[in-house]
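Here are the chains, one letter per residue:
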Amino acid sequence: MATTMKGTVAVEDVNVTFEDQQKINKFARNTSRMTELKNEIQAKKKSLQNLQDASDDLMMLDDDTLLIPYQIGDVFVSHTQEETQEMLEAAKV
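To keep things clear, this report deals only with the structure shown in the data block.

Each value, and the rule that gives it
- Residues numbered from 1 in each chain as written.
- Predicted model: local features only at pLDDT ≥ 70, side-chain atom pairs only at ≥ 80, totals over all residues.
- Heavy atoms only, no water.
- Pairing = 2+ DSSP bridges.
- Helix = DSSP H or I, 4+ residues; strand = E, 2+ residues; numbered from the N terminus.
- Core = buried A, V, L, I, M, F, W, Y, C linked by side-chain atoms within 4.5 Å.
- Buried < 20%, exposed > 50% of the residue type's maximum accessible area, 1.4 Å probe, protein only.
- Expected span 1.5 Å × (residues − 1).
- Arc of directions from axis to C-beta.
- Contact = heavy atoms within 4.5 Å.
- Salt bridge = Lys/Arg side-chain N within 4 Å of Asp/Glu carboxyl O.
- Axes fitted to C-alpha atoms, helices over the stretch in contact; angles between N-to-C directions.
- Parallel < 35°, antiparallel > 145°, perpendicular 65-115°, else oblique.
- Left-handed = near helix turned anticlockwise from the far one by under 90°.
- Nonpolar A, V, L, I, M, F, W, Y, C, P; charged D, E, K, R; others polar.

Let us look at the pairing of strand S4 (residues 75-79). Inspection of the sheet shows strand S3 (residues 68-72) paired to S4 by five bridges, in the antiparallel sense. Within S4, the position partnered with Ile68 by the bridge is His79.

Here's what the structure looks like:
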């Protein structure tokens, strides 16, 4: 049994019951899941902001005849300004 002396107070190993260990494990899983969800929310917010910025930039274009490259997976596909705008709006949902 390990004992640590801190000042005049002795701290000893504590026996943890099975039920307490289950509660600790559940708390750890919930905390981990919450962290993952927060990270996912941040990524979604960033993606939404990028889509909004792209949409705003697209609206400022003067020439309607330009083909706009739109990334689908690893490939860029050229579409008209209207088609690209529609795809951006669909991606926001």
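Next comes the rest of the account.
Our focus in this paragraph is the nonpolar core. Counting residues in hydrophobic clusters, the biggest one holds five residues: Leu51, Leu58, Ile68, Tyr70 and Leu88. Elements represented by at least two residues in this core include exactly helix H1 (18-59) and S3.

What follows deals with helix H2 (residues 81-92). The first and last C-alpha atoms of H2 sit 17 Å apart over 12 residues, in line with the 16 Å expected at 1.5 Å per residue. If you check which residues of H2 are buried, you get Gln81, Thr84, Gln85 and Leu88. What you see down the axis of H2 is that its buried residues fit within an arc of 100 degrees, all on one side. Every exposed residue of H2 that faces more than 90 degrees away from the buried side is listed here: Glu82, Glu86 and Ala90. For H2, the secondary structure elements touched by its buried residues are H1, S3 and S4.

Quick look at the pattern of salt bridges now. A side chain of one charge can pair with a side chain of the opposite charge if their charged atoms are brought near each other. Evaluation of the coordinates by the stated rule reveals two salt bridges. The partner of Glu36 in a salt bridge is Arg33, and the shortest N-O contact between them spans 3.7 Å. Taken together, the positions of Glu36 and Arg33, both in helix H1 and three residues apart, correspond to about one turn of that helix. Residue classification places Arg33 among the partly exposed residues on the basis of a relative accessible area of 44%.

At a minimum axis distance of 10 Å, the contact between H1 and H2 shows a crossing angle of 160 degrees. Classified by the angle between their axes, H1 and H2 sit roughly antiparallel to one another. Read as a crossing pair, H1 and H2 show a hand that is left-handed. Along the contact surface, H1 presents Leu48, Leu51, Gln52, Ala54, Ser55, Leu58 and Met59, while H2 presents Gln81, Thr84, Gln85, Leu88, Glu89, Ala91 and Lys92. Along the lines of polarity and charge, the residues of the contact of H1 with H2 split into seven nonpolar, five polar and two charged.

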